[in-house]
Amino acid sequence: MSGLEISAVILSALAVWLTARRHLWCWPVGLVSVLLYARIFLVAKLYSDLLLQLIFAVMQLYGWWQWKRGVSDQDGQHIQPQRLPKQGLLIGLLAGAAGSVVLGYVMASFTDAHIPWLDSALTSFSLVAQFWMARKYVANWWLWIAVDIIYVGVYIYKDLDLTAGLYAAFIVLAVIGLRNWQRQLPGNHPPAAAAAL
């Protein structure tokens, strides 16, 4: 394990923790972490993973821009989470499924990918979850929890135990993020009298 990988793991965990706290700094920290992982995958010649990290870098910039426009508190750093409309849920899940099929076919037909269909599905639904996160939808956490649970199994299967541990930590952080964001939804705030007790 290199110093670069250690830094990438620490920054990735920090970015997810900041996201769970609804803090705007999750995006620049996340951007640095995905760029570090892009470098790691370039050196390791894992070009599909490199491409995914570059897409994540663009998504980090999009999320940062979206959240910066929607900061809701006095310190200018925290956002107001939103409920995902049912139509958005359906569109997101269909997009994830379609992306899984297309990417899975490409990876299974034209590369020597080890588990092309599962890896493609995880990639596709990760992009949906990242988009939902950028749009401040609480549902992103449910999708991240599901994806990360499967990723833990994949990384254990591939003998990537450190990365499996990181994704297990991501599950814990996603549960914390889900609870925190749900409490901040409009209409979920306790009345002032009850909050004072």
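This text gives an overview of the structure that appears in the document. Just so we're clear, the structure is a prediction, and the values are computed from it rather than from any experiment.

1. Brief notes about the side chain of Asn 140
Thought 1: Among the structural elements, Asn 140 can be located in helix H6 (residues 139–157).
Thought 2: Given the relative accessible area of 0%, Asn 140 is considered buried.
Thought 3: Ignoring anything within four residues of it in the chain, the contact list for Asn 140 reads Ala 129, Trp 132, Met 133 and Trp 181.

2. Considerations on the packing of H6 against helix H7 (residues 161–183)
Helix-helix packing: each pair is described by the crossing angle between the helix axes and the interaxial distance.
Thought 1: Where H6 meets H7, the closest approach of the two axes is 8 Å, and the angle between their N-to-C directions is 165°. As the angle between them shows, H6 and H7 are arranged roughly antiparallel. Relative to H7, the crossing made by H6 is left-handed.
Thought 2: Taken together, the residues that form the contact of H6 with H7 break down as 18 nonpolar, four polar and two charged.

3. Notes on the packing of aromatic side chains
Thought 1: Under the defined criterion, the tally for this structure stands at 11 aromatic pairs.
Thought 2: With a centroid separation of 5.7 Å and an interplanar angle of 50°, the aromatic rings of Trp 67 and Trp 181 are classed as tilted. One end of the pair, Trp 67, is in helix H3 (residues 47–69); the other, Trp 181, is in helix H7, and 114 residues separate them in sequence.
Thought 3: A connected cluster of aromatic rings, assembled from ring pairs, spans Trp 27, Trp 67, Trp 141 and Trp 181.
Thought 4: Its end group placed over the ring of Trp 65, Arg 69 keeps NZ or CZ at 4.5 Å from the ring centre.

4. With respect to the nonpolar core
Thought 1: If you look at the biggest cluster of nonpolar residues, it comprises 54 residues, and the most contacted ones within it are Trp 67 and Trp 141.
Thought 2: Setting aside anything within four residues of it in sequence, one finds Trp 67 in contact with Thr 19, Arg 22, His 23, Leu 24, Cys 26, Trp 27, Ile 79, Met 133, Ala 134, Lys 136 and Trp 181.

Procedures and definitions
- Residues numbered from 1 in each chain as written.
- Predicted model: local features only at pLDDT ≥ 70, side-chain atom pairs only at ≥ 80, totals over all residues.
- Heavy atoms only, no water.
- Helix = DSSP H or I, 4+ residues; strand = E, 2+ residues; numbered from the N terminus.
- Buried < 20%, exposed > 50% of the residue type's maximum accessible area, 1.4 Å probe, protein only.
- Contact = heavy atoms within 4.5 Å.
- Axes fitted to C-alpha atoms, helices over the stretch in contact; angles between N-to-C directions.
- Parallel < 35°, antiparallel > 145°, perpendicular 65-115°, else oblique.
- Left-handed = near helix turned anticlockwise from the far one by under 90°.
- Nonpolar A, V, L, I, M, F, W, Y, C, P; charged D, E, K, R; others polar.
- Phe/Tyr/Trp six-rings, centres within 6.5 Å; stacked < 30°, edge-to-face > 60°.
- Lys NZ or Arg CZ within 6 Å of the ring centre and 35° of its normal.
- Core = buried A, V, L, I, M, F, W, Y, C linked by side-chain atoms within 4.5 Å.

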